[in-house]
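Breakdown of the fold
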Amino acid sequence: MTLKLQMLGTGSAFAKQYYNNNALIYDNEFTLMVDCGITAPMALHQLGATFNDIDAVLITHIHGDHVGGLEELAFITKLQYQRKLPLYIGEALVQPLWENTLRGGMYQEGHITSLDDIFDVRPLKPGVKTDISAGLSVELIQTRHIPGKSSYSLYLNERIFYSADMVFDPALLRTLVQDRGCEVILHECQLQGPGEVHTTLEELLSLPENVKERTYLMHYGDNAKDFIGKTGPMEFLEQQRIYEL
Ligand SMILES: O=c1ccn([C@@H]2O[C@@H]3COP(=O)(O)O[C@H]3[C@H]2O)c(=O)[nH]1
Ligand SMILES: [Zn+2]
Ligand SMILES: [Zn+2]
């Protein structure tokens, strides 16, 4: 089943030339938004779309560039469109997303008191494949990012890896390609400096050729143009462009 991918943004957390690294995944008429950061409402608007065009949203982890637009999404869908969007989210993130991210702005006594009042919450267990639409399945793979903070990469349709923000995990990437039929890797990439909580370009360049040749780079900094031609066979994903996966 062919999916289409359109990145709302491809930038790292504090990039200014690129929007936050959030994605639209299209399964025919069905649209899944992967992450909804601070810039997502404006990025969507610039595509000529609204939150009413989204059928479901999935969150990888709780950082502003991945969840900072959720308050607007939830208010608009509830108040303007009278809808509760399905929210796919690792089960460990349900409570912190409400208590630590959304409650402050959205709590209204007797009206909005939990995540269930604003979303159709669909908790996901890592390692378990879940059908999201007729032609789109997702399995969460827990990957390391910030100590003590749960973060989940995605395995879509058992052939496309979409990394959350994550530290380099070459064993996972090799296993996905060798043992699990992974055809496409969409990977975050920190272009310079020590990775610490991210994966660096230098680390990705150390991967075997057969892994690199199916890898596309995202979540990159404002100086990405300086690295064109320096990423081996790995291409930068471009925001707003539509890719067939
Ligand atoms: O220990 C830390 C924690 C955070 N940060 C920065 O904060 C950003 C939060 O969003 P992000 O995960 O896309 O990127 C992170 C980094 O840019 C960091 O450099 N080191
Ligand atoms: Zn990020
Ligand atoms: Zn992050």
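Quick notes on the rules
- Residues numbered from 1 in each chain as written.
- Chains lettered and ligands numbered in written order.
- Predicted model: local features only at pLDDT ≥ 70, side-chain atom pairs only at ≥ 80, totals over all residues.
- Heavy atoms only, no water.
- Salt bridge = Lys/Arg side-chain N within 4 Å of Asp/Glu carboxyl O.
- Helix = DSSP H or I, 4+ residues; strand = E, 2+ residues; numbered from the N terminus.
- UniProt positions renumbered as here; feature names shortened; annotations may be inferred.
- Core = buried A, V, L, I, M, F, W, Y, C linked by side-chain atoms within 4.5 Å.
- Buried < 20%, exposed > 50% of the residue type's maximum accessible area, 1.4 Å probe, protein only.
- Contact = heavy atoms within 4.5 Å.
- Phe/Tyr/Trp six-rings, centres within 6.5 Å; stacked < 30°, edge-to-face > 60°.
- Polar contact = N/O pair within 3.5 Å; in protein donor to acceptor, adjacent residues only side chain to side chain.

**Considering the pattern of salt bridges**
The tally for this structure, following the rule as stated, stands at 8 salt bridges. The salt bridge involving Arg180 is made with Glu139; its shortest N-O contact spans 2.7 Å. One end of the pair, Arg180, is in the loop between α5 (170-179) and β11 (184-188); the other, Glu139, is in strand β8 (residues 136-142), and 41 residues separate them in sequence. One salt bridge connects Glu209 with Lys212, and the closest N-O pair in it is separated by 3.2 Å.

**A few points about the UniProt feature "domain: Metallo-beta-lactamase" (unreviewed entry) in the chain**
Per the UniProt entry, the sites bearing "domain: Metallo-beta-lactamase" (unreviewed entry) are residues 19-219 in this numbering. End C-alpha to end C-alpha, residues 19-219 measures 9 Å, and it is 27% helix and 27% strand.

**A few points about the nonpolar core**
Counting 60 residues, the largest nonpolar core has Met33, Leu70 and Phe119 as the members making the most contacts within it. The residues contacting Phe119, other than those within four sequence positions of it, are Val57, Leu70, Leu73, Ala74, Lys84, Leu85, Leu87 and Leu102. One finds Leu172, Leu173, Cys189 and Phe236 within the second-largest nonpolar core, a separate group that totals 24 residues.

**Let's talk about the packing of aromatic side chains**
Any two aromatic rings considered together are summarised by their centre-to-centre distance and by the angle between their planes. Summed over all chains, the structure comprises 2 aromatic pairs. Plain terms: the ring middles of Tyr18 and Tyr220 are 5.0 Å apart, the flat faces sit at 85° to each other, and that makes the pair edge-to-face. One end of the pair, Tyr18, is in the loop between β1 (4-7) and β2 (23-27); the other, Tyr220, is in the loop between β12 (215-218) and β13 (235-236), and 202 residues separate them in sequence. Under the relative-accessibility criterion, Tyr18 is labelled buried at 15%. In this structure Tyr220 comes out as buried when scored by relative accessible area, which is 3%. Ring geometry for Tyr220 versus Phe236: centroids 4.9 Å apart, planes at 70°, classification edge-to-face. Of the two residues, Tyr220 is situated in the loop between β12 and β13 and Phe236 in strand β13; the sequence distance between them amounts to 16 residues.

**Looking at the side chain of Asn21**
Counting through the fold element by element, Asn21 comes out in the loop between β1 and β2. Separated by 3.5 Å, the side chains of Asn21 and Tyr162 make a polar contact. From its side chain, Asn21 meets the backbone nitrogen of His219 in a polar contact 2.7 Å long.

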